[in-house]
Amino acid sequence: MLTNWRIEARIPTQDLGRARRWYAEKLGLEPVEERDGGLRYEGATGVFCLFASAGASDGSFTQMGFYVDNIEATVADLRGRGVVFEEYDGAVNGIMDIEGNYPSKGRGERAAWFRDSEGNMLGIAEVVE
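Quick caveat: nothing in here was measured; it's all calculated off a predicted structure. (Residues numbered from 1 in each chain as written. Predicted model: local features only at pLDDT ≥ 70, side-chain atom pairs only at ≥ 80, totals over all residues. Heavy atoms only, no water.)

**Topic: the overall build of the protein chain**
Argument step 1. Scanning the protein chain from N- to C-terminus turns up two helices and eight strands.
Argument step 2. In the protein chain, the succession of helices and strands from N to C terminus is β-α-β-β-β-β-α-β-β-β.
Argument step 3. Dimensions of the protein chain along its principal axes, counting C-alpha atoms only, are 40 × 40 × 25 Å.
Argument step 4. The buried share of the protein chain, taken over its 129 residues, is 38%.
Argument step 5. Across the protein chain, contacts joining residues at least 24 apart in sequence account for 54% of those joining residues at least 6 apart.
Argument step 6. Per element, the accessible surface of the protein chain, about 7,900 Å² overall, is 50% carbon and sulfur.
Argument step 7. Charge centroids of the protein chain, computed over 14 positive and 22 negative side chains, lie 4 Å from each other. (Helix = DSSP H or I, 4+ residues; strand = E, 2+ residues; numbered from the N terminus. Buried < 20%, exposed > 50% of the residue type's maximum accessible area, 1.4 Å probe, protein only. Contact = heavy atoms within 4.5 Å. Areas by Shrake-Rupley, 256 points an atom, 1.4 Å probe, with all protein chains shown as cover. Lys, Arg positive; Asp, Glu negative; His and termini not counted. Charge placed at Lys NZ, Arg CZ, Asp CG, Glu CD.)

**What about the packing of aromatic side chains?**
Argument step 1. For the structure shown, the criterion picks out eight aromatic pairs.
Argument step 2. Members of the aromatic cluster, connected to one another through ring pairs, are Trp22, Tyr23, Tyr41, Phe48, Phe66, Phe85 and Phe114. (Phe/Tyr/Trp six-rings, centres within 6.5 Å; stacked < 30°, edge-to-face > 60°.)

**Looking at the pattern of salt bridges**
If the charged atoms of two oppositely charged side chains come close together, the side chains can form a pair.
Argument step 1. Under the defined criterion, the tally for this structure stands at 13 salt bridges.
Argument step 2. Here the salt bridges do not stand alone but share partners, grouping Arg6, Glu8, Arg10, Arg40 and Glu42 into one network. (Salt bridge = Lys/Arg side-chain N within 4 Å of Asp/Glu carboxyl O.)

**Points about the side chain of Glu109**
Argument step 1. On the secondary structure map, Glu109 appears in strand E7 (residues 108–115).
Argument step 2. Judged by its relative accessible area of 3%, Glu109 is buried.
Argument step 3. Among the polar contacts listed, one links the side chain of Glu109 to the side chain of Tyr67, at a separation of 2.8 Å. (Polar contact = N/O pair within 3.5 Å; in protein donor to acceptor, adjacent residues only side chain to side chain.)

**A closer look at the sheet that holds strand E5 (residues 62–67)**
Argument step 1. Within the open sheet, the four strands sit side by side as E5-E8-E7-E6. Their pairing is mixed. The sheet is open, and its two edges are formed by E5 and strand E6 (96–99), each paired on a single side. With direction set aside, neighbouring strand axes in the sheet form an average angle of 35 degrees.
Argument step 2. Bridge count between E5 and strand E8 (residues 121–128): five bridges; the pairing is parallel. Residue pairing in the sheet places Met64 in a bridge with Leu122 of E8.
Argument step 3. In this fold helix H2 (residues 71–80) packs onto E7 and E8, with an angle of close to 155 degrees to the strand it touches most, E8. (Pairing = 2+ DSSP bridges. Axes fitted to C-alpha atoms, helices over the stretch in contact; angles between N-to-C directions.)

Structure, rendered in structure tokens:
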């Protein structure tokens, strides 16, 4: 029933102004639309919204991901902007090689994770063909 409809992610924020500054300064993203209590962002093929919320994610799982063409360059650029990456066993320079059964477009992914200003876990990934 929902296969032909557009999908959008919703990311909770405790402080919408702080989150807006973080997404602009750290990720270089600006909202395309503003409403009371929310900001809407558009990427090449997807949309996400930040919204003011009394609730918060515990940050223990990936809430949103970005696919990139060159994960090493993207991690280096984001680190240069002050983004702090999670460190996991087996990761090299914050990047984890994930083979096989991970939900990926190819035979696996190379991925890295970081938290936004609100503690939400975000990921970046490069598909391994």
